[in-house]
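Per-entry structural report
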Amino acid sequence: MQRNRFFATHTRQLVLAAAFCCASNTWADNTWNYRQEHDRLNNQTYSIALSPLPRRDLYDELKLEIVCKDNTLLVAIAADSLIASQGSKFDLEYQIDKQAPVTLQMQTFPDSKRKGYTKDEAKPMVDAILTGRDAVFIRVKTMIREVLSGSIPLQDAAAPIQHVLSDCGLSAPADTDNAQAYSLADFERDFKQLTPAQQQQVLGRLQKMIAELK
């Protein structure tokens, strides 16, 4: 009897531990985070802002990494599937919120078929990401003519990314000032939520502001 109680108690403990572990992993997958890693081969420390995974029931397993290494900024994409052979170029398209899509060329690392990077387009891409409010949608064209895609949330991306920029001696765009731009789409969404009387007030103020700017 005591033996059965012993096993029952330890079984419950194992189940609770497994549940806690899974919950922690799920939470980690849903937030951007900053970390530093050490390259033992070169005895160097480098920093990374690591994105969460897209929803796995809707998209492929893709992660963005904003990296500062050797005082150089990189944007890397990591996939669970084959992208291209080592050291090969491939196309990546990204779209932030409802902005126009941007296509750029990346190259796989010399030791990986599932991870690629860009140096030349890193800062423009990072600056664009910092203007986003909701998500960045990624499409990766692979060597076997398949397309990997994922929608990566941006709600908590600013602080980790700006930490990496600071490590590289870079700064965020001055016009963002640590906040996303208020777009026409944002205005239209908010305007529709007002009452007719409030909408007339807003339109009246806008008319006055525009007249003053002419």
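Details of the structure are given in the entry above.
Digging into the pairing of strand 7 (residues 115-118)
In this structure, strand 4 (residues 72-79) lies alongside strand 7, joined through 4 bridges in antiparallel fashion. Residue pairing in the sheet places Ala-76 in a bridge with Tyr-117 of strand 7. Examined bridge by bridge, strand 6 (residues 102-108) and strand 7 share 2 bridges and lie antiparallel to one another. Paired with Gln-107 across the two strands is Tyr-117, which belongs to strand 7. Taking the residues between adjacent antiparallel strands as the criterion, strand 6 and strand 7 are bridged by 6 residues.

What to know about the packing of helix 2 (residues 122-130) against helix 3 (residues 158-167)
Running from N to C, helix 2 and helix 3 cross one another at 150°; their axes reach a closest spacing of 10 Å. Comparing the axis directions of helix 2 and helix 3 gives the class roughly antiparallel. Note that helix 2 runs across helix 3; the crossing there is left-handed. Contacts between helix 2 and helix 3 involve Lys-123, Val-126, Ile-129 and Leu-130 from the former and Ala-158, Ile-161, Gln-162 and Leu-165 from the latter. In the contact of helix 2 with helix 3, the residues fall into 6 nonpolar, 1 polar and 1 charged.

Examining the pairing of strand 4
When you tally the buried positions in strand 4, you get 7 out of 8 residues, the bulk of the element. Alignment of strand 3 (residues 62-69) against strand 4, held across 8 bridges, turns out to be antiparallel. Paired with Val-67 across the two strands is Leu-74, which belongs to strand 4. In this antiparallel pair of consecutive strands, strand 3 and strand 4, the connection spans 2 residues, and Asp-70 shows a positive phi of 55°.

Some points on the sheet that holds strand 6
In a beta sheet, neighbouring strands pair by backbone hydrogen bonds and run either parallel or antiparallel. Judged by pairing direction, the sheet is antiparallel, and its 9 strands sit side by side in the order 1-2-3-4-7-6-5-8-9 without closing on themselves. Since the sheet does not close on itself, it has two edges, and those belong to strand 1 (33-39) and strand 9 (147-153), each with one partner. Each strand axis lies, on average, 30° off the axis of its neighbour in the sheet, ignoring direction. Seen against the sheet, helix 2 touches strand 3, strand 4, strand 5 (89-96), strand 6, strand 7 and strand 8 (135-141) and runs at an angle of roughly 75° to strand 4.

Some details on the side chain of Thr-31
Within the secondary structure layout, Thr-31 lies in the loop between helix 1 (2-29) and strand 1. Looking at Thr-31, the relative accessible area reads 15%, which means it is buried.

Points about the pattern of salt bridges
Following the criterion strictly, the structure yields 5 salt bridges and no others. A salt bridge links Arg-139 to Glu-93, with the nearest nitrogen and oxygen atoms 2.5 Å apart. One end of the pair, Arg-139, is in strand 8; the other, Glu-93, is in strand 5, and 46 residues separate them in sequence. On the basis of relative accessibility, which here comes to 30%, the residue Arg-139 falls in the partly exposed class. Residue Asp-127 is joined to Lys-123 by a salt bridge in which the shortest nitrogen-to-oxygen separation is 2.7 Å. A residue pair is termed a helical-turn pair when its members lie 3 or 4 positions apart in one helix, as Asp-127 and Lys-123 do in helix 2 at 4 residues. Accessibility expressed as a relative area gives 24% for Lys-123, which makes it partly exposed.

About the thresholds
- Residues numbered from 1 in each chain as written.
- Predicted model: local features only at pLDDT ≥ 70, side-chain atom pairs only at ≥ 80, totals over all residues.
- Heavy atoms only, no water.
- Pairing = 2+ DSSP bridges.
- Helix = DSSP H or I, 4+ residues; strand = E, 2+ residues; numbered from the N terminus.
- Axes fitted to C-alpha atoms, helices over the stretch in contact; angles between N-to-C directions.
- Parallel < 35°, antiparallel > 145°, perpendicular 65-115°, else oblique.
- Left-handed = near helix turned anticlockwise from the far one by under 90°.
- Contact = heavy atoms within 4.5 Å.
- Nonpolar A, V, L, I, M, F, W, Y, C, P; charged D, E, K, R; others polar.
- Buried < 20%, exposed > 50% of the residue type's maximum accessible area, 1.4 Å probe, protein only.
- Salt bridge = Lys/Arg side-chain N within 4 Å of Asp/Glu carboxyl O.

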